[in-house]
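Listed below are the residues making up each chain.
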Amino acid sequence: MTGKKIRSMLFILMMGMMLVLAGCNPENGTQESSSSTMSSSSSSSSSTASSSAAGTAKSSDQAVTRKITVYFPDENGEKLIAETRTIHSKAVCEDAVEELLKGPEKKGSFAIFPKKTKLIGVTLKNGTAKVNFNRALKEDFTGGSTGEEMLVGSLVDTLTAIEGVKNVQILIEGKEIDSLSGHLDLSTPVGPMKHLIAK
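What counts, and where the lines are drawn
Residues numbered from 1 in each chain as written. Predicted model: local features only at pLDDT ≥ 70, side-chain atom pairs only at ≥ 80, totals over all residues. Heavy atoms only, no water. Helix = DSSP H or I, 4+ residues; strand = E, 2+ residues; numbered from the N terminus. Expected span 1.5 Å × (residues − 1). Buried < 20%, exposed > 50% of the residue type's maximum accessible area, 1.4 Å probe, protein only. Contact = heavy atoms within 4.5 Å. Salt bridge = Lys/Arg side-chain N within 4 Å of Asp/Glu carboxyl O. Core = buried A, V, L, I, M, F, W, Y, C linked by side-chain atoms within 4.5 Å. Arc of directions from axis to C-beta.

(A) Layout of helix H4 (residues 145-159). Compared with an ideal rise of 1.5 Å per residue, which puts 15 residues at 21 Å, H4 spans 21 Å between its outermost C-alpha atoms and is within 8% of the ideal. Taking burial as the measure, the 15 residues of H4 include 12 buried ones, the bulk of the element. All buried positions along H4 are accounted for by Gly147, Glu148, Met150, Leu151, Val152, Gly153, Ser154, Leu155, Val156, Asp157, Thr158 and Leu159. Looking at the buried side of H4, the elements it contacts are strand E1 (64-73), strand E2 (80-89), helix H2 (92-102), strand E4 (128-133), helix H3 (136-139) and strand E5 (167-172).

(B) Looking closely at the pattern of salt bridges. Taken as a whole, this structure holds five salt bridges when the rule is applied. With a closest N to O distance of 2.7 Å, Glu83 and Arg85 form a salt bridge. Neither Glu83 nor Arg85 differs from the other in exposure class; each is buried. For the salt bridge of Glu105 with Arg85, the shortest nitrogen-to-oxygen distance reads 3.6 Å. Here Glu105, found in the loop between H2 and strand E3 (119-125), pairs with Arg85, found in strand E2; they are 20 residues apart in sequence, far enough to count as distant. A residue is classified by how much of its surface remains accessible, and Arg85, at 3% relative accessible area, is buried.

(C) Main features of the environment of Phe113. Note on placement: Phe113 falls in the loop between H2 and E3. On the accessibility criterion, Phe113 (8% relative accessible area) is buried. Sequence-wise, Phe113 and Lys102 are 11 residues apart; in three dimensions their C-alpha atoms are separated by 9.1 Å. Sequence-distant contacts of Phe113, that is, excluding residues within four places in its chain, are made with Leu100, Leu101, Phe133, Leu137, Leu151, Ser154 and Leu155.

(D) Representation of the nonpolar core in the model. Ranked by size, the top nonpolar core spans 38 residues in total, and within it Phe133, Leu155 and Leu159 carry the most contacts. When contributions to this core are tallied by element, the ones reaching two or more residues are E1, E2, H2, E3, E4, H4 and E5. Per-element accounting of this core gives the leading share, six residues, to H4. Sequence-distant contacts of Leu159, that is, excluding residues within four places in its chain, are made with Cys93, Ala96, Val97, Ala129, Val131, Val165 and Val168.

(E) Quick look at H2. Taken together, the buried positions of H2 are Val92, Cys93, Ala96, Val97, Glu99 and Leu100. Buried residues along H2 cover an arc of 155° about the axis, so they all sit on one side. Close packing links the buried residues of H2 with E1, E2, E3, E4 and H4. Just downstream of H2, Gly103 is the residue with a positive phi angle, here 95°.

Pasting the structure below:
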C-alpha cells in the first residue's frame, strides 16, 4: 500500500471521527435539555402537589359558622337562662367565653362577669378546658356564694355543651385558684352544673 493511499485512508478515518464527535454534542445537549425538562416537570408536579396539600390543609383549618348555647343568670340569680349565638370561627371555646363576657342579649337575665374581665385563652386537653382570665375576674368579683355559683355555672355549662369538653378549670393569669370568693372549690376541674339550668 502506497503512502498516498495510507494518507487518504487516515483522512477519511479522521473525517468520520469528527462527524461522530460533532453528532454527540447536540444529542448530549438534547439529553441535558430533556433531563432538565423532566426535572423541571417533576419539580413543578411536586410543587403543585405541595400547593394542593397546603390548600387542603388550609381549607380544613378554615373557620366554620355554627350555633352555640351560652348561659346567663336570671334576674333572681336562681337559674341559668340559655341564649343561642352564632359564631364564625374555628376557636369555638374561646368564642363561647367571649360571648359570655359580652353579656345577655335578651331581657330577664344579667351579666355575671366583672366588666373588666378579659379572656387570655382556652386550652383543651383530655376533656378539660382550662380557661385563663386576667386578674380582674377575681379582684373585681363582688358576689356572694350564689353569685359565685352562677358565674361558675354559666361558664361550665356553656363550655361543656361543646363537643369534647367534659369539665372546666378556671385559671387567673395562668395560675390555678382555690376559689373566686371562698364559697366554691375551684382547685380542681368542675363538671356540668345542669341543676342550675332553667327548664
